[in-house]
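Fold and geometry: a report
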Amino acid sequence: MNAQRTPLSSEHERARAQMVNFSGWYMPVHYTSILDEARHVRKAVGLFDLCHMGRVRLSGEGYADLVDRLVTCKTRNMKTGVIRYAMLTREDGTTIDDVLVYREPDSIFLCINAGNRNRDLAWLRAHAAGTNVVVDDLSERFAMIALQGPKSVDVARKLCEGDPGAVKYYGFTVTTFCGMPNIMVSRTGYTGEDGYEFYFPAERAVDVWRALLEAGAPEGLRPIGLGARDTLRLEAGMPLFGHEIDDTTTPLEADLMWAVDLEKDFVGAAAIRDLAARGTPRRLVGFKLAGKRVPRFGYVVYDGDLAIGEVRSGTFSPTLETNIGTAFVGTASADKKQLSLDLRGSREAIEIVPLPFYRRAR
Amino acid sequence: MIPNDRQYLESHEWAKKEGDLVVLGITDFAVKHLTDLVYIKLPAAGDQLKKGDRFGEIESVKAVSDLMSPVDGEVVEVNSELVDALDRVANDPYHAGWMVKVRAPSGISSMLDAAAYQKVTEADGH
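Residues numbered from 1 in each chain as written. Chains lettered and ligands numbered in written order. Predicted model: local features only at pLDDT ≥ 70, side-chain atom pairs only at ≥ 80, totals over all residues.

1. Describing the overall build of chain A
Just so we agree on the cut-off: Runs of H or I in DSSP of at least four residues are treated as helices and runs of E of at least two as strands, each being numbered from the N terminus. We take the radius of gyration over the C-alpha atoms and set the globule estimate at 2.2 Å times the residue count to the 0.38 power. The burial label depends on the number of other C-beta atoms within 10 Å of a residue's C-beta. Counts of 20 or more mean buried, 12 or fewer mean exposed, and intermediate counts mean partly exposed, with C-beta atoms placed from the backbone. The contact rule is simple: place each C-beta atom from the backbone, and if two of them lie within 7 Å, those residues are in contact.
From N to C terminus, chain A includes eight helices and 19 strands. For chain A, whose C-alpha radius of gyration is 21 Å, the value lies close to the compact-globule estimate of 21 Å for 362 residues. Each principal axis of the C-alpha atoms in chain A carries an extent, and together these give about 60 × 50 × 45 Å. When each of the 362 residues of chain A is scored for burial, the buried share is 49%. Considering only residue pairs separated by 6 or more positions, chain A has 65% of its internal contacts joining residues 24 or more positions apart.

So, in structure tokens, the structure goes:
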């Protein structure tokens, strides 16, 4: 396999994880089973290798204006320590990537998708060309590990100086973590549970991975693969690039306008305003499907006898104990309560339901 | 351990001669790769199987896989209880998890023995 290894690939092999090529990276899909791992994160706590994701810092004169012009969310009123979800959009309003925007005192840090790393960097650098903004790709220098699940805070407290329980959801602090000073500890994640994401020097990845597993043993901390991560994020209604969003989708169609500030000017704003006024031809919906078979990407969705859309994600939900999925459907059908899909030659009814499928009690 | 009493396809099906019938199923390696089995579609008794063609489907949370027939012949018995008891495939793929019995006059040919199949799983491995 020619996929790129993370600093933790050998740890996954040692744990006998099943490895796959994900966006060009050699990653664990599961250690035990997808459903077993997903259930474990909902009730206890799990550890995720996210070293494949991209990490970029923008600084230097004009960085704040540049970022504000490239991301869809409001950034001007972000105080240090605040994180927001946003998209990078093109002039026509289509999506280049979805990102997390971290407001630092004199810079802005972005966490970007593994598969879009190179083109995001090219986009950022093209816009920074001729300015004094510095676009620093930290992806190789920094490791990234996520701790997710209701017991995350108990594990984080053992390894962080100060109280990580005091960090707000979608906030971060810079503190001593595993004996390393000035480490970014972020209360974020992609599972719908409480949790943290740690960014720290890549050469410490293996030590930190092992230290976390050891410290979290009393809470039942286990490594979790990308299979369960995908199941958990879908239950939580979080989009995945290549599925609910891609090169052809706008934030309007993907139901992500909560992450778009149409009052500011950013690349794509005019097109999105125009589309908002005219209406979009398709919309993202969530659905449930009875029966044993799992809905999968590309299955065709019908309204009566008319093909009106396609499935973008699907899984068996261990939390809801039913099959769930997302689909893009023609706007005229998006408010129907029931549609159907072609499940490998058999027509099955689907129930359209609001997203997310799962929301944790807080 | 991969049983020595039967033969294998690179696509992880096994075939075992039982009197004048051939029994078909999938290997433990296949089961471990699929994990979280949710659905199986098997042929009916009387269906004709053709060597190299699909005789059914097995689906896990992760993926749908075709079940490939290593023999030509007529299905004489189907383990239809598997439909509601996929744990038999998951936990005992070589015995309780058998799938179909086929009357295959030309028998089993050009399949792998246990040692050769073992090499396939190592190359595919972890």
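Back to the text.
2. Some thoughts on the packing of helix 2 (residues 34–43) of chain A against helix 7 (residues 226–235) of chain A
Residues and elements named next belong to chain A. Inclusion rule: The axes are straight lines fitted to the C-alpha atoms, using for helices just the contacting stretch, and the angles between their N-to-C directions are given from 0 to 180°. What sets the label is the angle itself: under 35 degrees gives roughly parallel, over 145 gives roughly antiparallel, 65 to 115 gives roughly perpendicular, and the rest give oblique. Take the far helix as the reference: if the near one is turned anticlockwise from it by less than a right angle, the crossing is left-handed, and if turned clockwise, right-handed.
For the pair helix 2 and helix 7, interaxial distance at closest approach is 8 Å and the crossing angle is 55°. With respect to each other, helix 2 and helix 7 are oriented oblique. For the pair helix 2 and helix 7, the crossing hand works out as right-handed. For the pair formed by helix 2 and helix 7, the contact residues are I34, E37, A38 and V41 on the first element and G227, A228, T231 and L232 on the second.

3. Things to note about the sheet that holds strand 4 (residues 54–59) of chain A
Residue and element names in this part refer to chain A. As a reminder, the rule being used: Two strands pair under a simple rule: DSSP has to find at least two bridges between them.
A sheet is described by the order of its strands in space; here five strands give the open sequence 5-6-7-4-8, paired in antiparallel fashion. The open sheet has two free edges, formed respectively by strand 5 (83–89) and strand 8 (134–137), since each of these has just one partner strand. Direction aside, the axes of adjacent strands within the sheet are offset by 30° on average. Here seven bridges tie strand 5 to strand 6 (residues 95–103), and the two strands are oriented antiparallel to one another. Counterpart to R84 in the pairing with strand 6 is V101.

4. Comments concerning the confidence of the model for chain B
Cut-off, in case you're wondering: Each residue carries a pLDDT score, the predictor's own confidence in it, on a scale running from 0 to 100.
Counting all residues, the mean pLDDT for chain B is 95, and 98% of those residues have values of 70 or more. We note a pTM of 0.95 for the whole complex and an ipTM of 0.87 for its interfaces.

5. What to know about the interface of chain B and chain A
Heads up, the rule is: Under this grouping Gly is polar, as are all residues other than the nonpolar Ala, Val, Leu, Ile, Met, Phe, Trp, Tyr, Cys and Pro and the charged Asp, Glu, Lys and Arg.
The interface of chain B with chain A comprises nine residues on the first partner and 14 residues on the second. The residue inventory of the side of chain B that touches chain A, partitioned by class, reads three nonpolar, three polar and three charged.

6. Observations concerning the domain arrangement of chain A
All names here are of chain A. Condition: Marked domain ranges trace back to an automatic or database domain assignment.
Along its sequence, chain A is organised into domain 1 (9–50 + 140–235), domain 2 (54–126) and domain 3 (281–353). Taking only C-alpha atoms into account, the centre of domain 1 sits 23 Å from that of domain 2. If you look at the interface, domain 1 gives eleven residues, while domain 2 gives eight residues.

7. Details of the packing of helix 5 (residues 152–159) of chain A against helix 6 (residues 205–215) of chain A
Residue and element names in this part refer to chain A. At a minimum axis separation of 9 Å, helix 5 and helix 6 run at an interaxial angle of 120°. The pairing of helix 5 with helix 6 is recorded here as oblique in orientation. For the crossing formed where helix 5 meets helix 6, the hand is right-handed. Every residue of helix 6 that contacts helix 5 at V155, K158 and L159 is listed here: A211, L212 and A215. Of the residues that constitute the contact of helix 5 with helix 6, the class distribution is five nonpolar, no polar and one charged.

8. What to know about the environment of F357 of chain A
Residue and element names in this part refer to chain A. Relative to the helices and strands, F357 is located in the segment after strand 19 (346–353). Residues F357 and C51, spaced 306 residues apart in sequence, show a C-alpha to C-alpha distance of 28 Å. With residues up to four places along the chain from it excluded, the contact list for F357 reads E235, G237, G286, S317, L320 and I324.

9. Structural notes on the sheet that holds strand 12 (residues 195–201) of chain A
All names here are of chain A. Reading across from one edge, 10-11-12-9-3-13 is the order of the six strands in this open sheet, with mixed pairing throughout. Two strands bound the open sheet, and with one partner strand each, they are strand 10 (172–177) and strand 13 (222–223). When strand 9 (residues 142–148) meets strand 12, the two strands line up antiparallel, connected through seven bridges. Bridge pairing links I145 to F198 in strand 12. Helix 6 contacts strand 3 (46–49), strand 9 and strand 12 of the sheet and is inclined by roughly 15° relative to strand 9.

10. Here's the deal with the pairing of strand 9 (residues 100–103) of chain B
Along any regular strand the residues' side chains alternate between the sheet's two faces. All names here are of chain B. The pairing of strand 3 (residues 21–26) with strand 9 spans four bridges and is antiparallel. When the sheet's bridge partners are listed, V22 is paired in strand 9 with V102. In this structure, strand 8 (residues 73–78) lies alongside strand 9, joined through four bridges in antiparallel fashion. By the bridge assignment for strand 9, E74 is matched with R103.

11. Here we look at the environment of P7 of chain A
Residue and element names in this part refer to chain A. Of note, P7 is situated in the segment before helix 1 (9–14). Between the C-alpha atoms of P7 and E140, which are 133 residues apart in sequence, the distance is 9.4 Å. When near neighbours in sequence (up to four residues on either side) are disregarded, P7 contacts C51, A143, A202, A205 and V206.

12. As for helix 4 (residues 117–128) of chain A
Residue and element names in this part refer to chain A. Put simply, the rule is: By this rule the span expected of a helix is its residue count minus one, scaled by 1.5 Å. For this quantity, the arc is that covered by the directions from the helix axis to the C-beta atoms.
Along its twelve residues, helix 4 runs 16 Å from first to last C-alpha, staying within 8% of the 16 Å computed at 1.5 Å per residue. Listed in full, the buried residues belonging to helix 4 are R117, D120 and L124. Buried positions in helix 4, seen along its axis, are confined to an arc of 70° and lie on one side of it. Seen from the open side of helix 4, the exposed residues pointing more than 90 degrees away from its buried face are N118, A122 and A126. Where the residues of helix 4 are buried, they touch strand 4, helix 3 (63–70), strand 5, strand 6, strand 7 (107–112) and strand 8. One or two positions beyond helix 4, positive phi appears at G130, with a value near 80°.

13. Quick notes on the pairing of strand 6 (residues 54–60) of chain B
Residues and elements named next belong to chain B. Among the seven residues that make up strand 6, five are buried, leaving the element largely enclosed by the rest of the structure. Sheet topology note: the strand 6/strand 7 (residues 64–68) ladder contains five bridges and is antiparallel. Paired with E57 across the strands is D66, a residue of strand 7. Between strand 6 and strand 7, which pair antiparallel one after the other, the connecting turn spans three residues.

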